[in-house]
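# Descriptive analysis of the structure
Chain residues, written in single-letter form:
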Amino acid sequence: MATQVTNASQKYKDIISKCVLIHSGSPAVYQLRPKEEKIGTLRKTTLGEKCLDKTNKTILLVGETGTGKSALINALVNYTMGVTWEDDVWFQIMEEEKKSQSESQTSDVIVYQIFEGKTLPYSLTVIDTPGYGHTGGIERDYTVSQRLLDWFRSDDGVHDLNAVGLVLKATDNRLSDRLRYIFDSVVSLFGKNMEKNIVALITHSDGRTPKNALKALEDANIKCARNEKNLPVHFLFNNCQHEDRTEDTEILQHADGITTKGMSQFTDFLRKTAPQNLNRTVEVLNERIRLTACIQNLTERVESIELQQNAIEETKEALKKLEDNMKKNEKFTVHITEVYKEKVEVSESRWWALWLNYGGAVCCTKCEENCHYPCTLDWYAEHCEVMSGGRCTSCTGKCPASDHVKEKKMYVTKTRTVEKTNEDMKKTYETNKAGSAEQSSFLEDLEKKMEELQKDKDQWLEEAFQHVVRLEQIALHVDSLSTHVHLDFLIEKMKEKGDTEKVQKLEEMKSRVTENKGKRAALQYMCSQLTAAGKAAGKAAGKAVKGVFMKK
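About the criteria used
- Residues numbered from 1 in each chain as written.
- Predicted model: local features only at pLDDT ≥ 70, side-chain atom pairs only at ≥ 80, totals over all residues.
- Heavy atoms only, no water.
- Patch = residues over 30% accessible without salt bridge, like charges linked within 9 Å, V, L, I, M, F, W, Y side chains within 5 Å.
- Areas by Shrake-Rupley, 256 points an atom, 1.4 Å probe, with all protein chains shown as cover.
- Salt bridge = Lys/Arg side-chain N within 4 Å of Asp/Glu carboxyl O.
- Lys, Arg positive; Asp, Glu negative; His and termini not counted.
- Charge placed at Lys NZ, Arg CZ, Asp CG, Glu CD.
- Buried < 20%, exposed > 50% of the residue type's maximum accessible area, 1.4 Å probe, protein only.
- Helix = DSSP H or I, 4+ residues; strand = E, 2+ residues; numbered from the N terminus.
- Pairing = 2+ DSSP bridges.
- Expected span 1.5 Å × (residues − 1).
- Axes fitted to C-alpha atoms, helices over the stretch in contact; angles between N-to-C directions.
- Parallel < 35°, antiparallel > 145°, perpendicular 65-115°, else oblique.
- Contact = heavy atoms within 4.5 Å.
- Nonpolar A, V, L, I, M, F, W, Y, C, P; charged D, E, K, R; others polar.
- Polar contact = N/O pair within 3.5 Å; in protein donor to acceptor, adjacent residues only side chain to side chain.
- Core = buried A, V, L, I, M, F, W, Y, C linked by side-chain atoms within 4.5 Å.

Here we take up a negative patch on the surface. Judged by side-chain charge, Glu 243, Asp 244, Glu 247 and Asp 248 come together as a negatively charged surface patch. Overall, Asp 244 belongs to the partly exposed group, its relative accessible area being 45%.

Our next topic: the pairing of strand β4 (residues 42–47). In terms of residue burial, β4 counts as a mostly covered element, since 5 of its 6 residues are buried. Here strand β3 (residues 35–39) runs beside β4; their pairing, made up of 5 bridges, is antiparallel. Counterpart to Glu 36 in the pairing with β4 is Thr 45. Strand direction decides the pairing type here: β4 and strand β7 (residues 110–114), joined by 5 bridges, are parallel. From the neighbouring strand, Thr 45 faces β7, where its bridge partner is Tyr 112.

The next point concerns helix α3 (residues 69–81). Here α3 contains 13 residues, and its C-alpha end-to-end distance of 19 Å stays within 8% of the 18 Å for a straight helix at 1.5 Å per residue. Along α3, 12 of the 13 residues are buried, which leaves the element largely enclosed by surrounding structure. Inspection of α3 places Lys 69, Ser 70, Leu 72, Ile 73, Asn 74, Ala 75, Leu 76, Val 77, Asn 78, Tyr 79, Thr 80 and Met 81 among the buried residues, and these make up the whole buried set. At the C-terminal side of α3, Gly 82 shows a positive phi close to 85°.

Working note: non-glycine residues mostly have negative phi, and peptide bonds are mostly trans. Geometrically, the link from Ser 26 to Pro 27 is a cis peptide bond, its omega value of 0° lying close to zero. With respect to the secondary-structure elements, Pro 27 resides in the loop between β1 (20–23) and β2 (28–31). The backbone of Asn 230 sits at a positive phi, close to 65°, despite the residue not being glycine. Looking at the secondary structure, you find Asn 230 in the loop between α6 (211–219) and β12 (234–236). Phi is positive for Lys 398, which is not a glycine, with a value near 45°. Position of Lys 398 relative to the elements: it lies in the loop between β18 (391–392) and β19 (404–407).

This next bit is on the sheet that holds strand β16 (residues 369–372). With respect to topology, 3 strands assemble into an open sheet ordered β16-β15-β19, the strand pairing being antiparallel. Each end of this open sheet is capped by a strand with a single partner; those strands are β16 and β19. Ignoring strand direction, the axes of neighbouring strands in this sheet form an average angle of 40°. Relative to β16, strand β15 (residues 361–364) runs antiparallel, the two being bridged by 3 bridges. The partner of Cys 363 across the bridge, within β16, is Asn 370.

Attention now goes to the packing of α3 against helix α7 (residues 249–272). At their nearest, the axes of α3 and α7 sit 11 Å apart, and the two run at 80° to each other. Taken together, the axes of α3 and α7 are roughly perpendicular relative to one another. Between α3, through Leu 72, Ala 75, Leu 76 and Tyr 79, and α7, the contact on the second element is made entirely by Thr 259, Thr 260, Met 263, Ser 264 and Thr 267. Here the residues of the contact of α3 with α7 sort into 5 nonpolar, 4 polar and no charged.

Here we come to the sheet that holds strand β5 (residues 55–63). Pairing is mixed in the open sheet, where 8 strands are placed in the order β3-β4-β7-β8-β5-β10-β11-β12. One side of each edge strand has no neighbouring strand; the edge strands of this open sheet are β3 and β12. Strand-to-strand, the axes of this sheet are offset by a mean angle of 25°, without reference to chain direction. Against the sheet, α7 contacts β5, β8 (122–128), β10 (163–169), β11 (198–203) and β12, and its axis sits at roughly 150° relative to β12.

Moving on to the side chain of Lys 57. By the element assignment, Lys 57 lies in strand β5. We note that Lys 57 is buried and unpaired, the nearest opposite charge coming from Asp 268 at a distance of 9.9 Å. Within the structure, Lys 57 has its side chain in polar contact with the backbone oxygen of Leu 270 (distance 3.4 Å). If near-sequence neighbours (up to four positions away) are discounted, Lys 57 is found in contact with Tyr 122, Ser 123, Leu 124, Thr 125, Asn 162, Leu 270 and Arg 271.

Turning next to the pattern of salt bridges. Considering all chains together, one arrives at 18 salt bridges under this definition. Residue Arg 208 is joined to Asp 206 by a salt bridge in which the shortest nitrogen-to-oxygen separation is 3.1 Å. You can call Arg 208 exposed: its relative accessible area is 63%. Among the salt bridges present, the one from Glu 338 reaches Arg 416, with a minimum N-O distance of 3.5 Å. Separated by 78 residues along the polypeptide, Glu 338 in strand β14 (residues 333–345) and Arg 416 in strand β20 (residues 409–421) bring together distant segments of the chain. Accessibility expressed as a relative area gives 27% for Glu 338, which makes it partly exposed.

Turning to the nonpolar core, a few remarks are in order. Counting residues in each nonpolar core, the largest one holds 43 residues, and the members touching the most others are Leu 32, Ile 59, Phe 91, Leu 201 and Phe 266. Per-element accounting of this core gives the leading share, 7 residues, to α3. Setting aside its immediate chain neighbours within four residues, Leu 32 contacts Ile 15, Cys 19, Leu 47, Val 77, Met 81, Phe 91, Gln 92 and Ile 93. Of all hydrophobic cores here, the second largest spans 41 residues; its members include Leu 148, Leu 149, Ile 198 and Ala 213.

So, about helix α5 (residues 177–187). Taken across its 11 residues, α5 has 10 buried, putting it largely inside the fold. Turning to α5, its buried residues number three or more, namely Arg 178, Leu 179, Arg 180, Tyr 181, Ile 182, Phe 183, Asp 184, Ser 185, Val 186 and Val 187.

So, about the environment of Tyr 373. Note that Tyr 373 resides in the loop between β16 and β17 (387–388). The exposure class assigned to Tyr 373 is buried, which follows from its relative accessible area of 0%. Taking C-alpha positions, Tyr 373 is 9.1 Å from Thr 292, a pair spaced 81 residues apart along the chain.

A few words now on the environment of Glu 287. Relative to the helices and strands, Glu 287 resides in helix α8 (residues 279–328). Note on Glu 287: relative accessible area 9%, which makes it buried. In the structure, Glu 287 is positioned 98 residues away from Glu 385 in sequence and 8.5 Å away in space, judged by C-alpha atoms.

In short, shape yes, function no, at least from these values alone.
See the structure below:
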């Protein structure tokens, strides 16, 4: 073995000179020291120098903490560099995890660019999502999704994907609620064009067909590429290449063979499979953001309308009282509710906010509405996802982007009680009556106002419904948990409107989630995490989902 180590030292002399020896022995394990840089919210790690003559293949990896994703990335780097069992050496680009699964991890998306080595006819870009599904909370996971969106639409980012790797253990005979939630979150990001590029990467494998893991994927109804046997396309890997080989040598060599074979098959898949452009993925993500913003704004408008309707009813009663007392020439006072808006500092998280990256509000100064809260990392209102063609897709007037501001303030609808004397009411009554072209009564004007408010509410409700329909047309994973959280609200309001056709369509979408055990489990996990985070979202979503499970 000593001769092999010497040969390995010569073979990788230049690389080893830039590494840190973690421990000597069989194999000798070295920590690579790649170039690291921060690009906005993204972390990029580069190994080697880019070769312009080589094409590039991009992989997105996602999996639960503890599935062996870090070991898989290290194995991919070693395979690319041409490391073999006989070299008796091992390199790792990812440092060994020193934190337990229960401890916090970064939510940053980490991009590994691997240019080192001559084994493959192409270079590799590996996108790792280390924060998904960790105990740090659901809100962190939405931040990871936002980081991916930033990377996909950045000029220096990734615009094509060759594969999405769902990492799970060969021993998994079912997907945990958390893993179901993780896979749902990721698959929900993509358009329908991505299905044939989603594959399973099975770790901790003994080389046999992973029947339990494949059945778990089937039971969870995960959309992915299929082989000639109509099974999920999958590749097998073991996770012990770095372990000491002075004992159980034959077993460890067999394990190394499993990974080598899996890497050969996987990299061949990457070579043959056409990349998918991420424009549709960005479109899906933006559509989800617009749906959320639309529901948020609609909720606030409905609340405002209902307050105004109540205030109108109070005013009508006061006017009736005025007419009776005017005849008797009696003095009186009444208390009237006034509805108004006030801009306040952003201070609390809301349930819809958790689907996006937290960071201020985009508001329309003309409509006095919150068009997107919380907004993403865009610095200026005109760059916000709810803007399309230079105009807002969320506010009532669909106003130009120039009429919007982004700041740490948002509009809040409030009410106050004011005291009116008979003289005040008489003045209001006479002013409005005199201003009416048809000399209609102020009461009739109030009735017209009520009708106008109801028409506005119906129009905004229709807009929200069309966003859901649009997602169904373009998204790979229509029955996403992120869409499901809006359905109860839409169903309730469509029932009030009496639109039975749309109610039926929305309830069918809801039933596809609630009647699927896997999706219900993922939804239950999501809401338990929201509740654990102590957010108002957890209480609201948890209450809604509790009703779902009680019915079952």
